[in-house]
Amino acid sequence: MHLEFDALHMYANRVGRVCTYPFELPACLANISPPLTYHNRKLVWCSQQEIAQLLLGAAIRPDWLSPLVHFRPRNGTMVFYNRQTALSARRNDGYLWKRKPNRRTAKEVHMVLKVDGLECILANYAHSALLSTFHRRTYSLRYNPSIVLVHYLNVPSITQDDKLCLPLPTFFEEDRSELSRNSVLEQLLPMFSGFPNYISRPQSNRQLHFDVQLVLSALCSAISHRLQVASSVGEVSHSTASRTGSSLYCLFIPPTEVAVVPHQKSRLHQSQNLPDLSQGQKAFIMAETAMPDTSEKTSNFTELKCYREY
């Protein structure tokens, strides 16, 4: 069943490759050709141009909009909502997001993105309270804010010595009383959906293999440990955590295998489904280590951008 939309927003007249819309657009956007279809999953961030194209496409395709809030959308999910449903989704999508110091609402970074030098896309960025590499980004056109695109994506980092770097959270007292190991695992599972079995490093002939089952087991154990320890060594105070919104501790997981292959034969193999965690657990190496300062982090870490697009 499709949402009922104001007729003004449902109408668009195609003239060749150019569409006319029931709202005013600057020339740089009016000349953009919206896509006829869209994939509801993408494991890399969209460019500003792609975001504008998708939002313009949704303006003339109300059937793209979801009438219901998606509960814990898996990694890479892109979903369109009308403005009212999007507000509900930001509160009730099933994930725990970093919150403002008052602990009442999610902490979001507000951005205005440009297309051809023009500020035209309103964006809000939120980070998971359990794993800050998992993001929720919402986009809407300044000229048509009634349609919102929401994108969920986990973007971890790889250190220079080929280890997967996963930031560990800092918890408030109420978090420790509300969360259990099972609830943590329920949050993490969809965040790692589609995580690649093999990662090809840029400008390198090395392929890194990470066992998703082991990654989830190690991360879940590390987070559960931090929940159990009320005041561990190096724990960030509440005031500092509220101010920085970041964790000073990370989990570094080495690859289970490193393969060296010729550049021309280097390929990325994707895992479509997460392994069954009920199967026998393997041994893993886990280390909770203090993070270096921000400048060192920037130079020593590479953002994972090797997902296959859907």
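Up top is the structure.
Predicted, not measured: the structure shown is a model, and the values here were computed from it.

**Concerning the side chain of D93**
You can see D93 is positioned in the loop between α4 (83–92) and β4 (109–115). In this view, D93 contacts V69, H70, F71, R72, P73, R136 and Y152; residues no more than four positions away in its chain are not counted.

**Some thoughts on unusual backbone geometry**
Of note, D116 is a non-glycine position whose phi angle comes to about 55°, a positive value. Along the polypeptide, D116 turns up in the loop between β4 and β5 (118–127).

**Some words on the sheet that holds strand β6 (residues 134–141)**
Across the sheet, which stays open at both edges, the five strands sit in the order β3-β7-β6-β5-β4 with antiparallel pairing between neighbours. Edge positions in the sheet fall to β3 (78–82) and β4, since each has one partner strand and no second. The sheet shows a mean angle of 25° between the axes of neighbouring strands, taken without regard to direction. Summarising the sheet, β4 and β5 pair through seven bridges and their orientation is antiparallel.

**Remarks on the pattern of salt bridges**
Under the counting rule described, the total for this entry stands at seven salt bridges. One salt bridge in this structure joins K42 and E50, with 3.1 Å as the shortest N-O distance. By relative accessible area, which is 27% here, E50 ends up partly exposed. Between R90 and E108 there is a salt bridge, with the nearest N and O atoms lying 2.4 Å from each other. Here E108 lies in the loop between α4 and β4 and R90 lies in helix α4, a separation of 18 residues in the sequence. Taking the relative accessible area as the measure of exposure, R90 reaches 22% and is therefore partly exposed. Judged by its relative accessible area of 17%, E108 is buried.

Parameters at a glance
Residues numbered from 1 in each chain as written. Predicted model: local features only at pLDDT ≥ 70, side-chain atom pairs only at ≥ 80, totals over all residues. Heavy atoms only, no water. Helix = DSSP H or I, 4+ residues; strand = E, 2+ residues; numbered from the N terminus. Contact = heavy atoms within 4.5 Å. Pairing = 2+ DSSP bridges. Axes fitted to C-alpha atoms, helices over the stretch in contact; angles between N-to-C directions. Salt bridge = Lys/Arg side-chain N within 4 Å of Asp/Glu carboxyl O. Buried < 20%, exposed > 50% of the residue type's maximum accessible area, 1.4 Å probe, protein only.

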